[in-house]
Amino acid sequence: MGSFEDRKATGTVFNIQKYSVHDGPGIRTIVFLKGCPLSCKWCSNPESQASHPQVAYNKGRCIGCHRCIKACEHDAITVNEDGTLSLDRSKCDVCKTLDCAHACPAQGMIIYGENKTVDQILKEVEKDALFYARSGGGMTLSGGEPLMHADIALPLLREARHRRIKTAIETCGCIPWDTLKEAAPYLNYVLFDVKQMDSEKHREGVGVGNELILSNLKKLLTEFPNLHVQVRTPIIPGFNDNDEFAYALGEFLKGYENVGYEALPYHRLGTQKYDFLSREYAMGDVSLPDGVAQRIQRIVDETRGAVTEEKK
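Just so you know, these numbers come straight off a predicted model, no measurement behind them.

> What should I look at first to understand the overall build of the chain in this one?
Secondary structure summary: the chain contains 13 helices and 12 strands in total. The C-alpha radius of gyration of the chain comes to 21 Å, within 12% of the 20 Å expected for a compact globule of 312 residues. Taking the principal axes of the C-alpha coordinates as reference, the chain spans close to 75 × 50 × 35 Å. The buried share of the chain, reckoned over its 312 residues, is 51%. Taken as a whole, the chain presents about 15,200 Å² of accessible surface, with 48% of it coming from carbon and sulfur. One way to put it: in the chain the 38 positive side-chain charges average out to a point 5 Å from where the 42 negative ones average out.

> In this structure, what is going on with the nonpolar core? I would like to understand it.
Across soluble globular proteins, nonpolar side chains have a tendency to be buried as a group. The biggest cluster of nonpolar side chains holds 69 residues, and the ones touching the most others in it are M139, L220 and Y261. The dominant element in this core, judged by the number of residues it contributes, is helix 7 (residues 150–162), at six residues. Those residues in contact with L220 that sit more than four places away from it in its chain are W177, L180, A184, V190, F192, L227 and V229. Core analysis: the second largest hydrophobic core is formed by 15 residues, Y57, C92, A106 and M109 among them.

> Help me out: how do you make sense of the packing of aromatic side chains in this one?
What describes a pair of aromatic rings is the distance from one ring centre to the other and the angle between the planes of the rings. One pass over the structure, following the stated rule, counts four aromatic pairs. Between F14 and F32 the ring centres are 5.4 Å apart and the planes differ by 45°, which places this aromatic pair in the tilted class. A residue pair is termed long-range when its members are at least 10 positions apart, and F14 in strand 1 (residues 10–20) and F32 in strand 2 (residues 28–33) qualify at 18 residues. Like F14, the residue F32 is buried in the burial classification. Centre to centre, the rings of Y19 and F131 are 5.3 Å apart; their planes meet at 85°, and the pair counts as edge-to-face. Placement of the pair is Y19 in strand 1 and F131 in helix 6 (residues 129–135), with a sequence separation of 112 residues. For F131, a relative accessible area of 36% puts it in the partly exposed group.

> In this structure, what is going on with unusual backbone geometry? I would like to understand it.
Glycine aside, a negative phi is what most residues show, and trans is what most peptide bonds show. Of note, the bond from G143 into G144 is cis; its omega dihedral lies within 30 degrees of zero at 10°. The phi dihedral of D75 is positive, around 55°, even though this residue is not glycine. With respect to the helices and strands, D75 occurs in the loop between helix 2 (67–71) and strand 4 (77–79). With a phi angle near 65°, R164 is a residue other than glycine that sits in the positive phi range. With respect to the helices, strands and loops of the structure, R164 is situated in the loop between helix 7 and strand 9 (167–171).

> Sorry, what's going on with the pairing of strand 11 (residues 228–235) here?
The two faces of the sheet receive side chains in turn, since in a regular strand these alternate between them. Burial of strand 11 is extensive: seven of the eight residues sit out of reach of the surface. Relative to strand 11, strand 10 (residues 189–193) is paired through five bridges, and the arrangement is parallel. When the sheet's bridge partners are listed, F192 is paired in strand 11 with V231. Handedness of the strand 11-helix 11 (residues 243–253)-strand 12 (residues 259–265) crossover: right-handed.

> Would you take a moment to explain the side chain of N240 for this structure?
Tracing the backbone through its elements, the reader meets N240 in the loop between strand 11 and helix 11. Looking at N240, its side chain comes within polar contact range of the main-chain oxygen of K195, at 2.8 Å.

> Would you explain the state of the cysteines in this entry?
On inspection of all chains with the given rule, the structure shows zero disulfides. Of the cysteine sulfurs around C100, a residue in no disulfide, the closest is that of C92, at 5.6 Å. What makes C100 buried here is its relative accessible area of 8%. Its sulfur unpaired, C104 is 5.9 Å from the next cysteine sulfur, which belongs to C65.

> I would appreciate a short explanation of the environment of H162 in the present structure.
Relative to the elements of secondary structure, H162 occurs in helix 7. Given a relative accessible area of 43%, H162 falls into the partly exposed group.

> Looking at this structure, I do not really get helix 5 (residues 118–125). What am I missing?
Residues separated by three or four positions in an α-helix point in the same direction, a consequence of the helix having 3.6 residues per turn. Turning to helix 5, its buried residues number three or more, namely V118, I121, L122 and V125. Along the long axis of helix 5, the arc covered by the buried residues comes to 90°, so they all point the same way.

> Would you explain the sheet that holds strand 12 in this entry?
Strands in a sheet are paired, the pairing made by backbone hydrogen bonds, and the direction either parallel or antiparallel. Spatially, eight strands are ordered 7-1-2-8-9-10-11-12 in an open sheet, and the strand pairing comes out mixed. Two strands close off the open sheet at either side, each with one partner strand: strand 7 (114–117) and strand 12. In this sheet, adjacent strand axes meet at a mean angle of 30° when their direction is disregarded. Pairing of strand 8 (residues 138–142) with strand 9 involves three bridges; the strand directions are parallel. Opposite T140, over in strand 9, you have A168 as the bridge partner. With respect to the sheet, helix 5 is in contact with strand 1, strand 2, strand 7 and strand 8, its orientation differing from that of strand 7 by roughly 85°. Where helix 7 meets the sheet, it contacts strand 1, strand 2, strand 7, strand 8 and strand 9, and its direction lies at approximately 175° from that of strand 8.

> I would appreciate a short explanation of helix 7 in the present structure.
The first and last C-alpha atoms of helix 7 sit 18 Å apart over 13 residues, in line with the 18 Å expected at 1.5 Å per residue. Taken as a whole, helix 7 has its buried residues at I152, A153, L154, P155, L156, L157, E159 and A160.

Definitions and cut-offs
Residues numbered from 1 in each chain as written. Predicted model: local features only at pLDDT ≥ 70, side-chain atom pairs only at ≥ 80, totals over all residues. Heavy atoms only, no water. Helix = DSSP H or I, 4+ residues; strand = E, 2+ residues; numbered from the N terminus. Rg over C-alpha atoms; globule rule 2.2 N^0.38 Å. Buried < 20%, exposed > 50% of the residue type's maximum accessible area, 1.4 Å probe, protein only. Areas by Shrake-Rupley, 256 points an atom, 1.4 Å probe, with all protein chains shown as cover. Lys, Arg positive; Asp, Glu negative; His and termini not counted. Charge placed at Lys NZ, Arg CZ, Asp CG, Glu CD. Core = buried A, V, L, I, M, F, W, Y, C linked by side-chain atoms within 4.5 Å. Contact = heavy atoms within 4.5 Å. Phe/Tyr/Trp six-rings, centres within 6.5 Å; stacked < 30°, edge-to-face > 60°. Pairing = 2+ DSSP bridges. Right-handed = clockwise from strand over helix to strand, strands pointing away. Polar contact = N/O pair within 3.5 Å; in protein donor to acceptor, adjacent residues only side chain to side chain. Disulfide = S-S within 2.5 Å. Arc of directions from axis to C-beta. Axes fitted to C-alpha atoms, helices over the stretch in contact; angles between N-to-C directions. Expected span 1.5 Å × (residues − 1).

This is how it looks when you write it as structure tokens:
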């Protein structure tokens, strides 16, 4: 048995997604922990950004029963002229019971985030153990930023490895190095986002500079040479869809044999959830032209490989 303290550690989970094939090797179960130090304008999981549980309103599911209004002790819900509802989030955010969502029979009011123990999480993860064994998959921690919550992420990784579940993590890298260093021995695979090499441009897009992120990536690649790190970049129109970024990243990754790279095309999945949370999607209707992500991928790969050839 693993440690009692690890099994009983708790944290806020907003989703447990089964049968993923894009977030690490093999078939995986992704555990999404709530809370992130970044505020990316293009975030496809806006419900991941705040650390606390939130109520979301899906007016398409609302049946007009108004049970949520009766259940709310803070008078945070009102009826609009068109029959839809409005949430006063200055009142809603102080609510700890989320009674309105529990009262809704149609999932018009949704709860994003639920407190769970490591035992409860791994009970769900272990249901697919047969798929992991056959495909080389396992559990991936995601978010938000999972290592922002070391008090749940580290026990979860330790206990998963104790149960012989292979582990991976998706990280933005904006966390203390000591936390990442403590997590690394319990990881089989790391998905590490690098969104921009220029710190000021990085700050404009996500709210913070990139110094800590790039420092952590370099330390991870150097101090854990046997741990595979897959660097990924969501290619965002007007932010990092240029050759300058690609050449700079390629230069940064030169000489490391334990790192791969993948450029991911921008998408607008998840934009509906901004409406559910009474937020506006900052990227509007912009789109990424065909072939841009492939061009960034090619430049990074060729830039990394140029010196490799020279060293031979």
